[in-house]
Protein chains: 4
Amino acid sequence: MTAGIIGATGYAGAELVRLLSGHPEIKNLKLSSVSYEGDAIENIYPNFLGRVSGRLVKAEEVIALSDVVFAALPHAVGEPFAAACMERKIHYIDLSADFRFDDNQKVYNAWYGKTYRYPELHKKSIYGLPELNRRKMKELAAEGSVIIGNPGCYPTGCSLGAFPALAKGLSCADRPVIVNSVTGISGGGREPSRAFHYPECADSVSPYKVGSHRHSPEIARNMAAMASSGGHTAPQVIFTPHLAPVNRGILSTVYIPLSEKWRVTPDDAAMPPSKEIEEKTACIRELYADFYRDEPFVRILPLGLTAATNRVRQSNYCDISVHMDLNGSTLIIASAIDNMIKGAAGQAIQNMNILYNFDEKSGLEMIPALF
Amino acid sequence: MTAGIIGATGYAGAELVRLLSGHPEIKNLKLSSVSYEGDAIENIYPNFLGRVSGRLVKAEEVIALSDVVFAALPHAVGEPFAAACMERKIHYIDLSADFRFDDNQKVYNAWYGKTYRYPELHKKSIYGLPELNRRKMKELAAEGSVIIGNPGCYPTGCSLGAFPALAKGLSCADRPVIVNSVTGISGGGREPSRAFHYPECADSVSPYKVGSHRHSPEIARNMAAMASSGGHTAPQVIFTPHLAPVNRGILSTVYIPLSEKWRVTPDDAAMPPSKEIEEKTACIRELYADFYRDEPFVRILPLGLTAATNRVRQSNYCDISVHMDLNGSTLIIASAIDNMIKGAAGQAIQNMNILYNFDEKSGLEMIPALF
Amino acid sequence: MTAGIIGATGYAGAELVRLLSGHPEIKNLKLSSVSYEGDAIENIYPNFLGRVSGRLVKAEEVIALSDVVFAALPHAVGEPFAAACMERKIHYIDLSADFRFDDNQKVYNAWYGKTYRYPELHKKSIYGLPELNRRKMKELAAEGSVIIGNPGCYPTGCSLGAFPALAKGLSCADRPVIVNSVTGISGGGREPSRAFHYPECADSVSPYKVGSHRHSPEIARNMAAMASSGGHTAPQVIFTPHLAPVNRGILSTVYIPLSEKWRVTPDDAAMPPSKEIEEKTACIRELYADFYRDEPFVRILPLGLTAATNRVRQSNYCDISVHMDLNGSTLIIASAIDNMIKGAAGQAIQNMNILYNFDEKSGLEMIPALF
Amino acid sequence: MTAGIIGATGYAGAELVRLLSGHPEIKNLKLSSVSYEGDAIENIYPNFLGRVSGRLVKAEEVIALSDVVFAALPHAVGEPFAAACMERKIHYIDLSADFRFDDNQKVYNAWYGKTYRYPELHKKSIYGLPELNRRKMKELAAEGSVIIGNPGCYPTGCSLGAFPALAKGLSCADRPVIVNSVTGISGGGREPSRAFHYPECADSVSPYKVGSHRHSPEIARNMAAMASSGGHTAPQVIFTPHLAPVNRGILSTVYIPLSEKWRVTPDDAAMPPSKEIEEKTACIRELYADFYRDEPFVRILPLGLTAATNRVRQSNYCDISVHMDLNGSTLIIASAIDNMIKGAAGQAIQNMNILYNFDEKSGLEMIPALF
């Protein structure tokens, strides 16, 4: 089988090249890049020397020669390629935001500054978060070629962290869910800029786009969907992204207000955690483990461990640890992913595996690197 | 004037040595260290070569020869030194937790596992957060020698970030204040351990002691004090510390639920921030700037800037930026300090300046390093 | 086939666990650890959660149940295990220095402070640098079970960088070969210590053990062996290791004095490189490419590229770039490896592949990570 | 006194602003920037908020209002400003390469691609390495206004490391001096580029411009000058710069071939360092300490310590440690500076102090930061 990658020279594109090179079902790669057309990928990424030698061609050529197409492009340029793939009746997996808001074009317009030029495409597309939409993805694939809107990096990790609590009605709707995320700098992409210039971001931590990051509505939408699937009210969601000097990884700390039933009332919240808090936490951890029992890429950590980005680095895992605050009022979830893998290229491949009924773990069996 | 430093070879102690070496009112330093008694400080910290050459003596000798004493010791060993200083009628500034909970020994016992052996000392001590207690500190100093309980690093930054909102009644008491903090690794001290071994913490972000960090009650107590000073109810507080691979700095993101009066209700929280949100944010920023107008070390950033640890690095500043969430329900404050300076040694010197009626900025005029 | 790993909880041992878990010829792993006997490896390295679940047993048990044994132990404790493997007639691959100096016990004694207790073992062992000894390794394996002394991390990268010049007589013997190496901090192992405590080594570069590092005689011996294989005199070798704040990788810059024939004499060495220098460099690069033509893990970079540790990270490659100094008198080779892979666990697996006549690349096909 | 800074918004310019703000003899700063004319410096560097508030004006205005002018500009644009300062009879300190090669315009032309437009200026200029030219600088200043060519960052550290050996005839001229340097990334300046984009340079070490860096002729010229001052032959010099992921600092490892008299011949160079090597090293260390006895910013480390960039960070020191190789043939010097301070802005201020007969340490008394 031949996989095509449009936009192969950005970070997500190059990570797709690297991962698909080791996928047991993929025999050939076709790569395109507007910026480097005609050049060889190993000249742009010398890591590939002696391993991946495809010449970069036009997107049209990639589509014509591939059995599945991945697009890792800037926002708002992928629709024509999606259309071409649908015409050729091959699956199209889009890593931009273009197919993430197909239920709500107004939101897409407002945050990405673009309107849909091929509105009919957005009826056959699906948001590709397997833990939310796996069944629908398989149903669509059974009917014909599918467009996948691959999730944003931030929404992936924190949505997975909140899903069990929302589906099972642990949260109360009168207080917001707060998502505090810290990302590594590869999340900013390959283009140099002042913010990602080494001396400006090394040895520093800071939030950015506070109260105005465009992943906010995607996160809120995912959480609403999961809450509603369990018959519960959609929560208000607050999202704040931060930058820290690591190459890869997103750590999301998710604060979920507990409903009456799940709350604990300690005698004195100024004292260390009570036995009751510990027991309730253990109980919620069980519920989380149960919820994700069959998921190949979600690991609910044993009590006593805390999610950390270096334990999922270079892998497709999402690690989740379950905690409760001293007041007994709020569930605190820590969720860690590799932003380039589960947060981008790995999840895209997981989606391909689902569409083709491959083993969902095919090509994604990397054990996290120790460092 | 001679300043004594007990525990001079830990990180906070050594930072005191460095900063006090440049303090215009301090002519001599007397240094002690249990671990390195008899050795010279420049053998432990070669940074000091040719600059600080004091031999490390016993704590008793330091106390006998100094006009003011700083103690940068492990918790629960400083009381006898404080007692000795009181006897000599000199000020004693303690960087451990031993004098931070003088109003609530039960909390100190529970979190630090120790009881007070000199209970009377805790009546003449004061919690040394200048922005909260400056006036009381000066009053006490006018009466005689004073014991200062220098604040914890985390409590300093986030308390300053929340104070104006709490004092002015912006927050509503029926939802918790959430403090999400990220610290640099010097916060863990000088003793090697697995958690701070380079390959284990470089290139990674993770929370730790979630729902069980002993700075939690100190933070809650500070916020309660400030709320009550304005006649408002003490908020519930949730605190989660994180570790990121930077040497210095703490970034706290503080989520403060807004009271009815300060809330904004956008038409659609899935859309980018409304003009109304922006106006309210500007208005709250003004209120913050006003609150801290006369503070020498708190900088309220202009709108459009976000607090970052690298902009206060190597200085005694606390930078604060003011934001609001998309739902208009929550004030988001970002607060950055250098954990070793405003979060430890610098604040201790600021306290000394206050006790002695020196210019509060003496010895603390470092402009933040560019990198 | 079952592979045993003695010392599985150190960094090199854990990297062996990770890599062998993906090796197509290895079906089972048996792991031992003195420090954590009875515990499960995923409790020590949570990266392995859900992936590697072996309980840690005694070394004797590992040897009894394995078809090949790797030992990643401190120096001077492995001989009895080697003896046991020889008795069981299985190959034994030792990652310590114990079998690197079998031709020169006096050097081993002097640098590692130990004598051989099983001298006869050192007659059936071989230094496992495939690019130097592949043929002999295969010959020995044809005769029976073999002990491999897996090379040190520093000697691997710089030896490969110097070999072609030494074998082909490019160097002159009357000036020393200088090896200036920079290593990542995982090279110091898993035990916490002041030198590798994050705040002590982050954001800093320094040499260490200048003129006294115990890899010096190993490097000199390798270079002598290669020079002599080409009929040339052994060079004097100077080796200086440095520490830089990266997790993985060794970059060695090797200065090789050129013999008369290969030297270029520019009109003015204060001027930019002459055409003659560029041509000679290209010519030597060809010679290097030719020398390593059939090596699966050595990549001679195209002219214009320079070896960098991030282009071999997480892979078994050694990247080499070829340069000449402005005076035309000295060949400058830059060589980059991942110290944990080609410098330790990967090379050990490469050696296993050679002994068993597996495809030499089995289990080692990782494309370098982009970041 | 008013100091003017032309090019105040580059890294070296901003570091000058920061350091001069604390200089006891400087009362006012006048700042210019082509890129940000009319803006305020604290908008470009928010570190300066509340501390430095100068509006950025034209270079001409800066010159007209200042008593001394620093220029931190790109190469080849400063001559007219130097001319204007000479006309106003004020000192001009240039941090670019424009006045570093006044004895050899041909070299400047070849490496910087420019010719001198004001050749007469280059007769009244002097290369501002105080440890080489202090006396001449003072003589020139006694006669009138002076142009200083402030040294390059690399040449500063390695020249200081080699000077005593060269002046005292320890080196033999028939083998090259090899300078292997590693720099932090601030050395690349403030403009974003791929090479200094965080994910491309974090967690990696690599050489660059091997055999072709334009600091090579400056280093060779300095070493020749010092050798000749002692009546010795100029050495051949080989220089290789490397990049490591640190913000600040240059570590240079300098290999100096010892002349017959200073060499040691060990019985077996494969064995650990002999007593004779240790004694000779101690003796050379004494010679170094003696050479720099009166220098305020050069620290010769005690035996047993090795120069490290984190021990000079944020200071004007050059730390030097003295070592010898196992073969006894080569002196190995490790030299560490902060590239932004002793390697740029600090040295420029040291030069101003010399020209004005201020205490040479004025404004430069920073003790190195612990981290």
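Residues numbered from 1 in each chain as written. Chains lettered and ligands numbered in written order. Predicted model: local features only at pLDDT ≥ 70, side-chain atom pairs only at ≥ 80, totals over all residues. Heavy atoms only, no water.

## Quick notes on a negative patch on the surface
Residues and elements named next belong to chain A. Taken together, the side chains of Asp267, Glu276, Glu278 and Glu279 define an acidic patch exposed on the protein surface. By secondary structure assignment, the location of aspartate 267 is in the loop between strand E11 (250-257) and helix H10 (275-291). Looking at aspartate 267, the relative accessible area reads 86%, which means it is exposed. (Patch = residues over 30% accessible without salt bridge, like charges linked within 9 Å, V, L, I, M, F, W, Y side chains within 5 Å. Areas by Shrake-Rupley, 256 points an atom, 1.4 Å probe, with all protein chains shown as cover. Salt bridge = Lys/Arg side-chain N within 4 Å of Asp/Glu carboxyl O. Lys, Arg positive; Asp, Glu negative; His and termini not counted. Charge placed at Lys NZ, Arg CZ, Asp CG, Glu CD. Helix = DSSP H or I, 4+ residues; strand = E, 2+ residues; numbered from the N terminus. Buried < 20%, exposed > 50% of the residue type's maximum accessible area, 1.4 Å probe, protein only.)

## As for the interface of chain A and chain D
The interface is formed by 21 residues belonging to chain A together with 21 residues belonging to chain D. Between chain A and chain D, a total of about 1800 Å² is buried, with carbon and sulfur atoms accounting for 51% of that surface. A per-residue breakdown of the area chain A buries against chain D is headed by A:Arg194, A:His197 and A:Tyr198, which together make up 41% of the total. The interface formed by chain A and chain D contains two salt bridges. Among the salt bridges present, the one from A:Glu191 reaches D:Arg194, with a minimum N-O distance of 3.0 Å. Across the contact surface, chain A and chain D share 14 residue pairs in polar contact (both at pLDDT 80 or more). Residue contributions to the side of chain A that touches chain D peak at four residues, all from helix H8 (residues 198-201) of chain A. When grouped by side-chain class, the residues that make up the side of chain A that touches chain D number 11 nonpolar, five polar and five charged. (Contact = heavy atoms within 4.5 Å. Buried area = accessible area lost by both parts, 1.4 Å probe. Polar contact = N/O pair within 3.5 Å; in protein donor to acceptor, adjacent residues only side chain to side chain. Nonpolar A, V, L, I, M, F, W, Y, C, P; charged D, E, K, R; others polar.)

## Observations regarding the side chain of A:Asn180
When you line up the elements, A:Asn180 lands in strand E8 (residues 177-183). Judged by its relative accessible area of 1%, A:Asn180 is buried. Polar contacts involving the side chain of A:Asn180 include one to the side chain of B:Tyr255, which spans 2.6 Å. Aside from chain neighbours lying at most four places away, what touches A:Asn180 is A:Thr240, A:His242, A:Leu251, A:Ser252, A:Thr253, A:Tyr255, B:Asn180, B:Thr253 and B:Tyr255.

## A word on the relation of the copies chain A and chain B
Rotating chain A by 180 degrees and translating it 0.0 Å along the rotation axis places it on chain B, where the RMSD comes to 0.0 Å. Seen this way, the second copy is the image of the first under a two-fold rotation axis. Same-surface contact between copies: 100% of interface residues of chain A are shared with the interface of chain B. (Least-squares fit on C-alpha atoms with pLDDT ≥ 70 in both.)

## Examining the interface of chain A and chain B
In this assembly, 57 residues from chain A lie in contact with 58 residues from chain B. Contact between chain A and chain B buries roughly 4600 Å² in total, counting both sides, with carbon and sulfur atoms accounting for 62%. When the buried surface of chain A facing chain B is broken down by residue, A:Asp203, A:Val205 and A:Tyr255 rank first, second and third, together holding 13% of it. Linking chain A with chain B are four salt bridges, by the criterion used here. Across the contact surface, chain A and chain B share 26 residue pairs in polar contact (both at pLDDT 80 or more). Its residues assigned to classes, the side of chain A that touches chain B shows 31 nonpolar, 18 polar and eight charged.

## Quick notes on the packing of helix H6 (residues 130-143) of chain A against helix H11 (residues 341-355) of chain A
All names here are of chain A. Where H6 meets H11, the closest approach of the two axes is 9 Å, and the angle between their N-to-C directions is 35 degrees. For H6 against H11, the interelement crossing comes out right-handed. Contacts between H6 and H11 involve Pro130, Glu131, Arg134, Met137, Lys138 and Ala141 from the first element and Lys342, Gln347, Gln350, Asn351, Ile354 and Leu355 from the second. Within the contact of H6 with H11, the residues separate by chemical class into five nonpolar, three polar and four charged. (Axes fitted to C-alpha atoms, helices over the stretch in contact; angles between N-to-C directions. Left-handed = near helix turned anticlockwise from the far one by under 90°.)

## Some remarks on unusual backbone geometry
Phi is positive for A:Lys209, close to 45 degrees, though the residue is something other than glycine. Along the chain, the position of A:Lys209 falls in the loop between strand E9 (206-207) and helix H9 (216-229). Positive phi, close to 55 degrees, is recorded for B:Asp203, a residue that is not glycine. Inspection of the secondary structure assignment puts B:Asp203 in the loop between helix H8 (198-201) and strand E9 (206-207).

## Let's talk about the packing of helix H7 (residues 153-167) of chain A against H9(A)
Residue and element names in this part refer to chain A. Look at H7 against H9: their axes get within 9 Å of each other, and the N-to-C directions meet at 25 degrees. As the angle between them shows, H7 and H9 are arranged roughly parallel. The handedness of the crossing between H7 and H9 comes out as right-handed. Contacts between H7 and H9 involve Pro155, Cys158, Ser159, Ala162, Phe163, Leu166 and Ala167 on the former and, on the latter, Glu218, Ile219, Asn222, Met223, Met226 and Ala227. Split by residue class, the contact of H7 with H9 holds 10 nonpolar, two polar and one charged. (Parallel < 35°, antiparallel > 145°, perpendicular 65-115°, else oblique.)

## Focus: the sheet that holds strand E3 (residues 56-57) of chain C
Residues and elements named next belong to chain C. Pairing is parallel across the open sheet formed by seven strands, whose spatial order is E3-E2-E1-E4-E5-E7-E6. The sheet is open, and its two borders are formed by E3 and strand E6 (125-127), each paired with just one other strand. As paired elements, strand E1 (residues 2-6) and strand E2 (residues 28-32) share five bridges and run parallel to each other. From the neighbouring strand, isoleucine 6 faces E2, where its bridge partner is serine 32. (Pairing = 2+ DSSP bridges.)

## Quick notes on the environment of A:Phe371
Along the chain, the position of A:Phe371 falls in the segment after H11. Sequence-wise, A:Phe371 and A:Gln314 are 57 residues apart; in three dimensions their C-alpha atoms are separated by 9.5 Å. Beyond its immediate stretch of four places on either side in the chain, A:Phe371 contacts A:Arg313, B:Pro199, C:Tyr11, C:Ser186, C:Asn247, C:Arg248, C:Gln314 and C:Met340.

## A look at helix H7 (residues 153-167) of chain B
Residues and elements named next belong to chain B. In a regular helix each residue adds 1.5 Å, so 15 residues correspond to 21 Å; H7 covers 21 Å between its end C-alpha atoms and thus fits that length. Maximum bend of H7: about 35 degrees, positioned at leucine 160, with proline proline 164 one to four residues after it. Counting buried residues along H7, 15 of its 15 residues qualify, which places the element largely inside the surrounding structure. Among the residues trailing H7, glycine 169 stands out with phi positive, at a value near 70 degrees. (Expected span 1.5 Å × (residues − 1). Bend = angle between axes of the 7 residues up to and from the residue.)

## Side note on the relation of the copies chain A and chain D
For these two chains of identical sequence, chain A goes onto chain D by a turn of 180 degrees and a shift of 0.0 Å along the axis, with RMSD 0.0 Å. Most of the interface of chain A is mirrored in chain D, where 100% of its interface residues are also at the interface.

## Some remarks on the confidence of the model for chain A
Per-residue confidence for chain A gives a mean pLDDT of 97, with 100% of residues at or over 70. Model confidence for the complex: the whole-complex pTM is 0.98, and ipTM, which rates the interface, is 0.97. (pLDDT = per-residue confidence, 0-100.)

## Some points on the sheet that holds strand E4 (residues 68-71) of chain D
Residues and elements named next belong to chain D. Taken in spatial order, the seven strands line up as E3-E2-E1-E4-E5-E7-E6 in an open sheet, and their pairing is parallel. In the strand order of this sheet, the two ends are held by strand E3 (56-57) and strand E6 (125-127), each with one partner. Of the strands in this sheet, E4, strand E5 (91-94) and strand E7 (147-149) are in contact with helix H11 (residues 341-355), which crosses E5 at around 160 degrees.

## Things to note about the packing of aromatic side chains
Applying the stated criterion across every chain, the model contains 42 aromatic pairs over all chains. Judged by centre distance (4.8 Å) and plane angle (25 degrees), the ring pair of B:Tyr108 and B:Tyr116 falls under stacked. By relative accessible area, B:Tyr108 is classed as buried at 2%. In textbook terms, an aromatic cluster arises when at least three aromatic residues are bridged by ring pairs, as seen for A:Phe101, A:Tyr108, A:Tyr112 and A:Tyr116. Directly above the aromatic system of B:Tyr45 lies the positively charged group of B:Arg190, at a separation of 5.2 Å from the ring centroid. One Lys or Arg, C:Arg299, reaches over the ring of C:Tyr317 and ends 4.2 Å from the middle of that ring. (Phe/Tyr/Trp six-rings, centres within 6.5 Å; stacked < 30°, edge-to-face > 60°. Lys NZ or Arg CZ within 6 Å of the ring centre and 35° of its normal.)

## Section: the pattern of salt bridges
Close approach of charged atoms allows side chains of opposite charge to pair. Residues and elements named next belong to chain A. Per the stated rule, a full pass over the model turns up 68 salt bridges over all chains. With a closest N to O distance of 3.0 Å, arginine 248 and glutamate 15 form a salt bridge. Here arginine 248 is found in the loop between strand E10 (237-243) and E11, whereas its partner glutamate 15 is found in helix H1 (residues 11-20), with 233 residues between them in sequence. Grouping residues by exposure puts arginine 248 and glutamate 15 together as buried. Two residues, aspartate 359 and lysine 361, come together in a salt bridge whose shortest N-O distance is 3.8 Å.

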